[in-house]
Amino acid sequence: PVLSPPEIIAPEKNAMLYEGEHFIVFAEQLAPGDTRARHSHSQRVVIQLNKTRLQQWPDGEPEKFVALFTADGVLVRQTGDEVVLRHSGAAELLGFAQGVVQRNGRSGQHWISNVIVESSSEGAIGTCHSMMVVAFAETRAHQITSTGQCRDRFTRTAAGWRFKERVFVQRG
């Protein structure tokens, strides 16, 4: 559950989008690169939406995946403490995403749950559980190909929240 901060966020930084009987929706108005000690709920939602977009990237458009990262963003996959792959920067991330699409086509789907996002001095940090499911068109069967935890560092850019680093620690 999302808990409201104990104090009211200053109105000069907010834009009220909806005020209903049971809930309100607002957007905090921060300039790119501007940070607070704690992020508002609307910023958490934006970060979570960016994470949700990661589920959609193996749809034949690797550029969507690359756009989730900063220009110098890093993607790491580990098994325990051993680094299995590391891609840094837009060119390497694009090559990785193109390879995944070439191997799996549109059959792969990430399932992400238990998302936690907290503020940090650089922007935000997050964790989530991830599971990759591949569907086989011929048999309509599904197979879980990996499970684990993502450890993320986010930064706010002029284009919105982006991954500075995503480390996927694979289990099993």
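This structure is a prediction, so every number in the text was calculated from the model and none was measured.

A separate point is the overall build of the protein. Within the protein one finds three helices and eight strands. When the helices and strands of the protein are read in sequence order from the N terminus, they spell out β-β-α-α-β-β-α-β-β-β-β. Relative to its 172 residues, the protein shows a buried fraction of 37%. Long-range pairs, those at least 24 residues apart, make up 46% of the contacts in the protein with a sequence separation of at least 6. Split by element, the accessible area of the protein, about 10500 Å² in all, is 54% carbon and sulfur.

Here we come to the nonpolar core. With 15 residues, the main nonpolar core has Phe65, Phe69, Leu75, Leu93 and Phe96 as its most contacted residues. The element contributing the most residues to this core is helix 3 (residues 89-104), with four residues. Discounting residues that sit within four places of it in the chain, leucine 93 has contacts with Phe65, Val66, Phe69, Gly73, Leu75 and His87.

Here the focus is the pattern of salt bridges. This structure, assessed with the given rule, holds four salt bridges. The salt bridge involving aspartate 152 is made with arginine 166; its shortest N-O contact spans 2.7 Å. In this pair, aspartate 152 sits in strand 7 (residues 142-157) while arginine 166 sits in strand 8 (residues 160-171), placing the two residues 14 residues apart along the sequence. Accessibility expressed as a relative area gives 2% for aspartate 152, which makes it buried. Connected through shared salt-bridge partners, Glu122, Arg153 and Glu165 make up one network.

Cut-off values and rules
- The residue count restarts for each chain, going from 1 along the sequence in the order it is written.
- With pLDDT at 70 or above as the cut-off, local features in this predicted model cover only qualifying residues; side-chain atom pairs require 80 or more to be listed or tallied, and sums for whole chains, interfaces and linings still use all residues.
- In computing side-chain values, all of the structure's heavy atoms are included and hydrogens and water are not.
- By definition, any uninterrupted DSSP run of H or I lasting at least four residues is a helix, any uninterrupted run of E lasting at least two residues is a strand, and each is numbered from the N terminus.
- Classification of residues uses two cut-offs on accessible area relative to the type maximum, computed with a 1.4 Å probe and protein chains only: under 20% is buried, over 50% is exposed, and between them is partly exposed.
- Throughout, a residue-residue contact means that at least one pair of heavy atoms, one from each residue, lies within 4.5 Å.
- Here, Shrake-Rupley sampling with a 1.4 Å probe gives the accessible areas, and only protein chains in the shown set may cover a residue.
- Here, nonpolar core means buried Ala, Val, Leu, Ile, Met, Phe, Trp, Tyr and Cys residues that are tied together by side-chain atoms lying within 4.5 Å of each other.
- Any Lys or Arg side-chain nitrogen located within 4 Å of an Asp or Glu carboxyl oxygen qualifies as a salt bridge.

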